[in-house]
Amino acid sequence: MASQLLESTWNLVRFTVRRDRIRIPIWVVSISFITILIAGTFTNMYKSEQERQAIAETMRNPAMTAMVGPGYGLDNYTEGAMMSHQMLLFTAIVVAIMSILLVTRHTRAVEEDGQSELIQSLPVGRLSSLTATVIVTVLANMLLAITTGIGLYLLGIESMDLQGSLLYGSALGATGLFFIAITALFAQLSENSRGTIGLSFAVLIVAYLIRAIGDVSNPSVSWLSPLGWILGTEVYVNNYWWPIILTILLSTFITIIALYLHAKRDLGSGLLPTKPGRKHASMFLCTPFGLSVRLQRTGMIAWAIGMLLLGVSYGSVLGDLEEFFAQIEMLEDLLSPVSGYSLTEQFLTLLMVVISMICTIPALMMILKLKGEEKKNRTEHLVARAVSRTRIIGSYITISVIGGFLMLFLSVFGLWAAGSQVMEETISFTIMFQAAMVYLPAMWIMVSLAVLFIGIYPKLSGLCYLYLGYSFFVVYLGSLLQFPDWMGKLSPFGHVPQVPVEEVNYVKLTILTIVALTVTVVGVIGYNKRDLEG
Amino acid sequence: MAILRTTNVTKKFGKFTALDGVNLEVNSGEIYGFIGPNGAGKSTTIRILLGIIKATSGEANVFGKDVWSDAVEIHKRLAYVPGDVNLWPNLTGGEVIDLLVKLRGRGNKRRREELIEKFDFDPSKKCRTYSKGNRQKVALVAAFSTEADLYILDEPTSGLDPLMEKVFQDCVLDAKNEGKSVLLSSHILSEVERLCDKVGIIRQGKMIETGTLQELRHLTRTNLVVETKHPIAKLSEVKGVYGVEVKNQEISFQVDTEELNQLIQYISQFGIVKLESAPPTLEDLFMRHYRTSTKESDLGAGGAR
């Protein structure tokens, strides 16, 4: 019986490895490499115990705890403690995402595309392909655990011993194992790969939220979340191994359930009923604007949450900033003191550049969606009906401008809300709002550039991101690396007055806005004149 | 009255000439069959007519208006079904139908439900789950549930089963009976023969034949393979017979469909042992056009079936 169910599993393992011979190494190498790289940077960044302790102080607040988890070693903040506090949770989330995507790819996705049918018609056991997928992804996670663990140890940092490093790697691997099991389970329940990914991500998000709530309010709640277990290892501080063992046991149990369900169900079917969708479109959807909003809804909500969290996380460190700056030399190069303004206010200007540039990414994505639609031959449906091209591109420009504003607003709101909780002398919302909104014209220029590319030469529209990357590099790091002034002036962000340290310069802002408008008009004219591709 | 007219429309993509002086004319109340092999320029022509791409030179008018500069006005009275229907994966079929109808103007709710019923289509599923045929149904329902004066259909039945093809043909004939015009691009000759009043054949970006079906009757020859007890005398001199070829006992040739009766009477004198007939495929037709410069007799019987 067993051989019947698992016939040819080994062949399928080799086949799965063959399919992912590039994908898996990229995931494993980049995750472990970045982990090791960051551990190395920590030692360079904070040279003395004092500096590390200064950072530890900024971490003692609920916002930070909610974001990265409770700091177990805050009283003796060694590099190791820092690593497990600041990096472990986020890296574990990335590993979870890797596992979710890999498992879905080899289970529900191949089933949906009909390749499973082809495989299953061969002398292959009923459980072979799922088992093979689990084996390969578990191996990938074990490889990740070992390379990360050994790599961290080889850095030779005093506070990062062999046991701790291996535990760090194992914590990542165990997270991967848990989400392999979860995804394998949902691949049986959901009828399509999007559902599988969606449900698995939902588990990940809920796990994160439960842990965040638990860590802030009641630590025992955190133990309801697998991510709470991972952080419960207290790597490099207390090195508990038992949460790892617990995670592996639970994962095995869930995997067995998944295998059992897989053996019972029909190929191609899902155990969860799919509910029928709407038979009619809402009034809102029936316009080009409504359509473009609907198509980007999920992405916009995700970005909005992300930007709010970004604001909150920056805001939560504002309280200890003055003390923090006093202790770290490197950051003094970044901000040369200006009389009459607190360091916090100066830091605010730097924050705003960063935040506004990050908010430009979703704004660019929203406008460039139009190019993707064209490439997939779907703009044709609109153009072939009584909709002018100006109206089509106009919808996307509108959504991009409103979206960009909303992102900026949400992050400033998060910054202000968290900041006013932790600061002794709070900065008023008006000042923060102003400091952020002065960057709108620069954002508009980036959007207008995307419009120009879409209108004239859509193939090059990726250059917008490159230009944004350049802007980030010269404007943010420019002062640190002492770039000449003109390099910053090549970016629209380099022309924005740094409120509140500088005055709001309406002339400059007006000029930036006029440039953005002109470029947009040229782009729209171009879009009206060219052939649609696809 | 011409609803749609192109004069010398040429389209170049870089150095490649996709269309080379295309002339088309669709009159009011007419179903125009636009046929040609893949890559001949059918879709390019249609995309020009819809103002999706711009002609390099020449003139194209629909309802007497320029297809590029008056696109929006034209599209208010025009319905289009693309050959390759790409839909938004996260919207349902029903939502897309409503959207497509609304973007053109007003639709007929009752007609929409009727068509969904006729096409046996489930509008409550997400578009990502639809097969090619189902995606085509979305576009067809959206097109025929609006009151248009001109329907442009680009290989609309390539993914439909024969039953649905029939439903589609009924829709087209209904439109014709209401006095609407249709431009139907296809490479299914039987469909074109059944529906169209006029046919235009395009090949490598050039219109090589246009006319009513009556005028193109010579295109619809029947392929025959005959075996007789006695050799048939002077077969190639019989009216309407082309491409005689002798293989062992069998003779294969083509005959104009209108001469079929007389031909059968003639050859039956020689004692028929075997008789196979097959309509010419579109392929035969193109083969013929491709070789018009060479001898007619070069053409085989196109494989009797």
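Quantities reported herein were computed from a predicted structural model and do not represent experimental measurements.

*Asks:* Now, about the packing of aromatic side chains: what can you tell me, with residues and values included?
*Replies:* For the structure on display, the rule yields 18 aromatic pairs over all chains. Both rings, one in Phe42 of chain A and one in Tyr46 of chain A, keep their centres 6.3 Å apart while their planes meet at 40 degrees; by these two values the pair is tilted. Within the aromatic cluster, the residues linked to one another by ring pairs are Phe405, Phe409, Phe413, Trp416, Phe429 and Phe433 of chain A. The ring of Tyr208 of chain A has Arg211 of chain A sitting right over it, with the charged end atom 4.8 Å from the ring centre. Across the ring face of Phe63 of chain B, the terminal group of Arg77 of chain B is positioned such that the distance to the ring centre comes to 3.9 Å.

*Asks:* Pulling in residues and values, what's your account of the packing of helix α3 (residues 23-45) of chain A against helix α10 (residues 128-154) of chain A?
*Replies:* All names here are of chain A. Close contact between α3 and α10 brings their axes to 9 Å; oriented N to C, the two are set at 25 degrees. Viewed along their axes, α3 and α10 adopt a mutual orientation that is roughly parallel. Note that α3 runs across α10; the crossing there is right-handed. Facing α3, whose interface residues are Ile24, Val28, Ile31, Ser32, Thr35, Ile36 and Ala39, α10 presents Val136, Ala140, Leu143, Leu144, Thr147, Thr148, Gly151 and Leu152. For the contact of α3 with α10, a count of residues per class yields 10 nonpolar, five polar and no charged.

*Asks:* Residues and numbers for the nonpolar core, please.
*Replies:* Membership of the largest hydrophobic core comes to 146 residues, with the highest contact counts inside it found for Ile367 of chain A together with Ile152 of chain B. The dominant element in this core, judged by the number of residues it contributes, is helix α19 (residues 343-375) of chain A, at 14 residues. Excluding residues that lie within four positions of it along the chain, Ile367 of chain A makes contacts with Tyr396, Ile397, Ser400, Val447, Ala450, Val451 and Ile454 of chain A.

*Asks:* An account of the domain arrangement of chain B is needed here, citing residue identities and associated values.
*Replies:* According to the domain assignment, chain B contains domain 1 (2-77 + 149-216) and domain 2 (221-279). Placing the centre of domain 1 of chain B and that of domain 2 of chain B at their C-alpha centroids yields a distance of 36 Å.

*Asks:* Could you give an account of the interface of chain B and chain A, with specific residues and numbers?
*Replies:* Listed as interface residues are 38 residues of chain B and, on the opposing side, 36 residues of chain A. Taken over both partners, the interface formed by chain B and chain A buries close to 3,300 Å², and the fraction arising from carbon and sulfur atoms is 58%. On inspection of chain B and its partner chain A, the count reaches three salt bridges. Note that Lys11 of chain B is salt-bridged to Asp531 of chain A, the shortest N-O span being 2.4 Å. Viewed at the interface, chain A and chain B are joined by 22 residue pairs in polar contact (both at pLDDT 80 or more). Those elements giving two or more residues to the side of chain B that touches chain A turn out to be β1 (2-13), α2 (71-75), β6 (78-81), α3 (93-104) and α4 (109-118) of chain B. Residue classes in the side of chain B that touches chain A are distributed as 18 nonpolar, seven polar and 13 charged.

*Asks:* Break down the pattern of salt bridges for me, with residues and values.
*Replies:* Applying the stated criterion across every chain, the model contains 30 salt bridges over all chains. Measuring nitrogen to oxygen at the nearest pair gives 3.3 Å for the salt bridge that ties Glu111 of chain A to Arg108 of chain A. Of this pair, Glu111 of chain A and Arg108 of chain A both sit in helix α8 (residues 108-113), separated by three residues, roughly a single helical turn. Where Asp170 of chain B meets Lys166 of chain B, a salt bridge forms, and the shortest distance between an N and an O atom there is 3.1 Å. Here Asp170 of chain B pairs with Lys166 of chain B, and both are found in helix α6 (residues 162-177), just four residues apart, close to one helical turn. For Asp170 of chain B, a relative accessible area of 31% corresponds to the partly exposed category.

Scoring rules and cut-offs
- Residues numbered from 1 in each chain as written.
- Chains lettered and ligands numbered in written order.
- Predicted model: local features only at pLDDT ≥ 70, side-chain atom pairs only at ≥ 80, totals over all residues.
- Heavy atoms only, no water.
- Phe/Tyr/Trp six-rings, centres within 6.5 Å; stacked < 30°, edge-to-face > 60°.
- Lys NZ or Arg CZ within 6 Å of the ring centre and 35° of its normal.
- Axes fitted to C-alpha atoms, helices over the stretch in contact; angles between N-to-C directions.
- Helix = DSSP H or I, 4+ residues; strand = E, 2+ residues; numbered from the N terminus.
- Parallel < 35°, antiparallel > 145°, perpendicular 65-115°, else oblique.
- Left-handed = near helix turned anticlockwise from the far one by under 90°.
- Contact = heavy atoms within 4.5 Å.
- Nonpolar A, V, L, I, M, F, W, Y, C, P; charged D, E, K, R; others polar.
- Core = buried A, V, L, I, M, F, W, Y, C linked by side-chain atoms within 4.5 Å.
- Buried < 20%, exposed > 50% of the residue type's maximum accessible area, 1.4 Å probe, protein only.
- Domains from an automatic or database assignment.
- Buried area = accessible area lost by both parts, 1.4 Å probe.
- Salt bridge = Lys/Arg side-chain N within 4 Å of Asp/Glu carboxyl O.
- Polar contact = N/O pair within 3.5 Å; in protein donor to acceptor, adjacent residues only side chain to side chain.

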